[in-house]
Amino acid sequence: METAESDSRTDADSSSAADAATTWSPPRCPRCDAPVRTVTALGPTDHYAHPCGCRVYAGFLE
Ligand SMILES: [Zn+2]
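This one's a predicted model, so the numbers in the text were calculated from it and none came from an experiment. (Residues numbered from 1 in each chain as written. Predicted model: local features only at pLDDT ≥ 70, side-chain atom pairs only at ≥ 80, totals over all residues.)

> Please provide a residue-by-residue account of the pairing of strand β2 (residues 47-50), values included.
The sheet contact formed by strand β1 (residues 38-41) and β2 spans four bridges and is antiparallel. Looking at β2, one finds that Thr40 is bridged to Tyr48. Taken together, β1 and the strand that follows it, β2, pair antiparallel across an intervening segment of five residues. As paired strands, β2 and strand β3 (residues 55-56) are joined by two bridges and run antiparallel to one another. Across the sheet, residue His47 finds its bridge partner in β3, namely Val56. Between β2 and β3, which pair antiparallel in sequence order, lie four residues; one of them, Gly53, sits at a positive phi of approximately 90 degrees. (Pairing = 2+ DSSP bridges. Helix = DSSP H or I, 4+ residues; strand = E, 2+ residues; numbered from the N terminus.)

Listed below in structure tokens is the structure:
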């Protein structure tokens, strides 16, 4: 009983971790469609996507 239970739990953990890794994708820049790694805020309304450098709306990555 104990062995079977721990086996099934290990199986579920590894498959859910693989799903998360394969389904995640970075957000896309609304202007040039490049993957956005981070956004720099230069002011309350000035936000720039990196690495492409396009200006994006505030809270784009949130
Ligand atoms: Zn861009």
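> Help me get a handle on the environment of His50, residues and values and all.
As for its placement among the helices and strands, His50 is situated in strand β2. Look at His50 and you get partly exposed, because 13 C-beta atoms sit within 10 Å. Along the primary structure His50 and Arg37 are separated by 13 residues, whereas in three dimensions their C-alpha atoms are 5.9 Å apart. Filtering out sequence-adjacent residues up to four positions away, His50 remains in contact with Val36, Arg37, Thr38 and Thr40. (Buried ≥ 20, exposed ≤ 12 C-beta atoms within 10 Å, placed from the backbone. Contact = placed C-beta atoms within 7 Å.)

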